[in-house]
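Single-letter residue listing:
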Amino acid sequence: MKITAPNLPNMPWQDRPAGNSEVMWRYDANPVIKRDHLPNYSNSIFNSAVVPYKDGYAGVFRVDNRTVRMRIHAGFSKDALNWDIDPNPIEFVDSPDEDAKFVYGYDPRVVEIDGKFYVTWCNGYHGPTIGVAWTEDFKTFHQLENAFLPFNRNGVLFPRKINGKFAMFSRPSDNGHTPFGDIFYSESPDMVHWGVHRHALGTVKIEKGWQSTKIGAGPIPIETSEGWLLIYHGVQTSCNGYVYSFGAALFDLEKPWKCIGRAAPYLIAPWKDYEMIGDVPNVCFPCASLVDGETGRIAVYYGAADTATCLAFSRVQDIVQFIKDNPETY
Ligand code: BMA
């Protein structure tokens, strides 16, 4: 299987522990970024995005500060484990208009497309919608128009143009703790005007399972010869509230709104104390992954309990096989 990703021989990695047969396993030193990483400032650092940058890594981090307001901060790392996060939030420049400025920021994603790094995040505009900006150095961030009408969350760009257009998954929602939600696909000629919307993936309502309430795209989709591999979160409504897990699906390379495979079981669900205990209990929320194109090693960055940032490992080939071996037939 061919994986379109750079070679990252120095990316974070741990072999599957002896005796473990799970498709995905956790970093044994989780959380990799703790809630108090920015002393006297951060309340929590989670649902954050990292990418390869120069001879190391860069990232955009969701930092809720101690007024518990949601901000996004840039950061750099040599090894993608030890992060130097700017204590000051990103201040966007060039916002096209008063009506398209940064209001708040959460759940960022980052992707490199044709040499520019694009950031999408949940921005405020009469409720949540998808903010978009670009940077070349993770110091100056140029803001573009919000991609969609409110309410929307989980805007996740594809890593290349598809049929000549930028492409994005998103999840239309409401203004609250949305109790519904499917993943849609949209395209744009210019990163400003988005249209040609297609329904891509729905919830699985049967027996109130892990992805029965709502779902949302997670890390940037990974291009493989078998299709686009998407890791996405799914939410179940339990008698104790929402439970956020994550799983995997494959989409057609040319028509990425067409799902060609989806695993019925989740990859990771909140089992560990640091996923079950925190500001919002029972949340595993993936926003980024690093993939080594040569070996297929993947490190998924996910927010744990809306408090800290964690890592889990697998191989892209193994996740694709897991989808094939455990198909959701609903
Ligand atoms: C979602 C977002 C995420 C968060 C999750 C669980 O609506 O706000 O940032 O991780 O809820 O609280």
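Heads up: the structure comes first, above all this text.
Residues numbered from 1 in each chain as written. Predicted model: local features only at pLDDT ≥ 70, side-chain atom pairs only at ≥ 80, totals over all residues. Heavy atoms only, no water.

### With respect to the site of the ligand
As a structural note, the neighbourhood of the ligand is formed by Asn47, Arg62, Tyr106, Asp107, Tyr244, Val280, Val283, Phe285 and Asp306. A distance of 2.9 Å separates an oxygen atom of the ligand from a polar atom in the side chain of Asn47. Between an oxygen atom of the ligand and a side-chain N or O atom of Arg62, the distance comes to 2.7 Å. Burial of the ligand by the surrounding chains reaches 85%, relative to a free accessible area of 300 Å². (Near = heavy atom within 4 Å. Polar contact = N/O pair within 3.5 Å; in protein donor to acceptor, adjacent residues only side chain to side chain. Areas by Shrake-Rupley, 256 points an atom, 1.4 Å probe, with all protein chains shown as cover.)

### A word on the sheet that holds strand 14 (residues 195-201)
With antiparallel pairing, four strands are arranged side by side in an open sheet as 11-12-13-14. Bordering the open sheet on either side are strand 11 (152-157) and strand 14, each of which pairs with just one other strand. Direction aside, the axes of adjacent strands within the sheet are offset by 30° on average. (Pairing = 2+ DSSP bridges. Helix = DSSP H or I, 4+ residues; strand = E, 2+ residues; numbered from the N terminus. Axes fitted to C-alpha atoms, helices over the stretch in contact; angles between N-to-C directions.)

### What about the packing of aromatic side chains?
To describe a pair of aromatic rings, one takes the distance between the centres and the angle between the planes. Tallied over the entire structure, the rule returns 28 aromatic pairs. Taking 5.5 Å as the distance between ring centres and 25° as the angle between the ring planes, the aromatic pair formed by Phe92 and Phe102 counts as stacked. Note that Phe92 is positioned in the loop between strand 6 (84-85) and strand 7 (105-113) and Phe102 in the loop between strand 6 and strand 7, a separation of 10 residues in sequence. Look at Phe92 and you get buried, because its relative accessible area is 15%. Seen from their ring centres, Phe102 and Trp121 are 6.1 Å apart, and the 35° between their planes marks the pair as tilted. (Phe/Tyr/Trp six-rings, centres within 6.5 Å; stacked < 30°, edge-to-face > 60°. Buried < 20%, exposed > 50% of the residue type's maximum accessible area, 1.4 Å probe, protein only.)

### Let's talk about the pairing of strand 4 (residues 56-65)
Along strand 4, 10 of the 10 residues are buried, which leaves the element largely enclosed by surrounding structure. Linking strand 3 (residues 42-53) back to strand 4 in an antiparallel pair, the connection comprises two residues, with Lys54 at a positive phi of about 50°. The pairing of strand 4 with strand 5 (residues 70-77) spans eight bridges and is classified as antiparallel. Across the sheet, Val63 pairs through a bridge with Arg71, a residue of strand 5. Counting the residues between successive antiparallel strands, the hairpin from strand 4 to strand 5 contains four residues, one of them, Val68, with a positive phi of roughly 50°.

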